[in-house]
Amino acid sequence: MDNHQHNIIIVGSGLVGMTLALMLSKLRHKVIILDKNSKKKLLELKDSRTSAISQGSSRILKDISIWNKIKEKAQPINEINVSEGINTNELNFKSKSVNEGPLGYIVDNTYLKKTFFKEVLKSNFIKFIGGIKIKDIKRTSNNATILSNKGNFSASLIIGADGRNSRMRFFADIKSFFFDYNQVAFVFNISHTLSHQSMALERFFPSGPLAVLPMQNNNKKSSSVVWTVDSAIEPKMLNNKKFNNAFQERYARAFGQITKISKPVKYNLNVISCYEYFKRRIVLIGDACQAIHPIAGQGLNLGLRDSYDLAKVISEGLELGLDIGSSYILRDYSLKRLIDKKLLIQATHRLNQLFSNNSVIIKTIRENGLKIFNKSEFLKKKSMMFAMGLLKFDF
């Protein structure tokens, strides 16, 4: 079989991997993307979910000239309303209080992924090869080689951007922390009679959080729902009527009467966090390195920041003529990402544990905590800047 020599190989054509490829191509660095899916399958992709893109992430995407293509289909979030259940003791975050634009955006996944993929295919600096089955990876002091059904691919650096069930994590022998929440997330879309007014809702229940996220259409009467429930009660909800009744009770006519509910898609929830981000010429980014609870909708944003920082480190290394797969370069990247990753992984982990709990003591702490938090403009502004991806945590 032929051996193809490259500088940089990215395994995985998800949003995080494609963002990194587009950043490097903008800096005129050649990249190859290998993916298990064919070009045809990716162009015909259907994904009923949505993605939450923070204000900081929108600026990253603007840097690679892709945000303008997405913006017209992105629904701004100007307010987030947080409450324990349907309690009136609410915590409100409003974008106008930080004056940085919308807190974030909700974008349809099908549109988002296809837009990215078409940009990748247009680039003269990115080569895409689909239908790849990786058999093994061999590493020497100078390079790493992927052995696949379509030949061998060697590079100074291989980037694993192949998601939560990463094969690259396995091949690199990078150990990770794993925790099963014993929860499932139901993801679906709803249509309602009143406008969402660019507001997102986050309601916490002992059985798990409910997020109702504004979607874009002409009359602002559609929302995307991520409803988390304990695995123990999930079998009781398999009946459509029971499911709808339980959801309606938690939704509580927030945006008027529901006129339509799409078929829910179910996901098991867990957290995966790697103890190290790279090993012998393989570096992991996005969900391959850390897959977090969807409670704050921050998984994609964390991965996009991985791509942004790695692209900068790689580009600087290439300009200086350094070996970009060396421990020296990859350690620099790891240090830049350490605090941001650890903080967000812990924040989502602890937040889920705190609110998915029916203890009377914990409930009292939550209620008092929400009241104190709501009265502190300083705390609210800092947490908004953090959620918007505008606070920097690097060395």
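Preceding this section is the structure that the text describes.
This one's a predicted model, so the numbers in the text were calculated from it and none came from an experiment.

Contact geometry of helix H1 (residues 15-26) with helix H8 (residues 299-319) gives a least axis separation of 9 Å together with a crossing angle of 30 degrees. Here H1 lies roughly parallel to H8, going by the angle between them. Pair H1 / H8 crosses with right-handed handedness. Along the contact surface, H1 presents Leu15, Val16, Thr19, Leu20, Met23 and Leu24, while H8 presents Leu300, Gly303, Leu304, Ser307, Tyr308, Leu310, Ala311 and Ile314. Among the residues forming the contact of H1 with H8, the class breakdown is 11 nonpolar, 3 polar and no charged.

It is worth spelling out the sheet that holds strand E3 (residues 50-54) at this point. Taking strand neighbours across the sheet as the criterion, the 3 strands line up as E3-E7-E4 in an open arrangement whose pairing is antiparallel. Each of the sheet's edge strands pairs with one partner strand only, and the pair in question is E3 and strand E4 (75-77). Taking the axes of each pair of neighbouring strands and ignoring which way they run, one obtains an average angle of 30 degrees across the sheet. Here E3 pairs with strand E7 (residues 104-108) via 5 bridges, running antiparallel. From the neighbouring strand, serine 51 faces E7, where its bridge partner is valine 107.

This part takes up the packing of aromatic side chains. In this description, a pair of aromatic rings is defined by centroid distance and the angle of the planes. The final tally for this structure, using the stated rule, is 11 aromatic pairs. Judged by centre distance (6.3 Å) and plane angle (50 degrees), the rings of phenylalanine 186 and tryptophan 227 are tilted. You can see phenylalanine 186 sitting in strand E12 (residues 176-192) and its partner tryptophan 227 sitting in strand E15 (residues 222-230), a full 41 residues away along the chain. For phenylalanine 186, a relative accessible area of 6% puts it in the buried group. Relative accessible area serves as the criterion here: at 0%, tryptophan 227 is assigned to the buried category. Through successive ring pairs, a cluster of aromatic residues spans Phe186, Phe188, Trp227, Phe243, Phe247 and Tyr251. In this structure, lysine 73 packs its charged tip against the face of tyrosine 111, placed 5.6 Å from the ring centre.

Conventions used here
- Residues numbered from 1 in each chain as written.
- Predicted model: local features only at pLDDT ≥ 70, side-chain atom pairs only at ≥ 80, totals over all residues.
- Heavy atoms only, no water.
- Axes fitted to C-alpha atoms, helices over the stretch in contact; angles between N-to-C directions.
- Helix = DSSP H or I, 4+ residues; strand = E, 2+ residues; numbered from the N terminus.
- Parallel < 35°, antiparallel > 145°, perpendicular 65-115°, else oblique.
- Left-handed = near helix turned anticlockwise from the far one by under 90°.
- Contact = heavy atoms within 4.5 Å.
- Nonpolar A, V, L, I, M, F, W, Y, C, P; charged D, E, K, R; others polar.
- Pairing = 2+ DSSP bridges.
- Phe/Tyr/Trp six-rings, centres within 6.5 Å; stacked < 30°, edge-to-face > 60°.
- Buried < 20%, exposed > 50% of the residue type's maximum accessible area, 1.4 Å probe, protein only.
- Lys NZ or Arg CZ within 6 Å of the ring centre and 35° of its normal.

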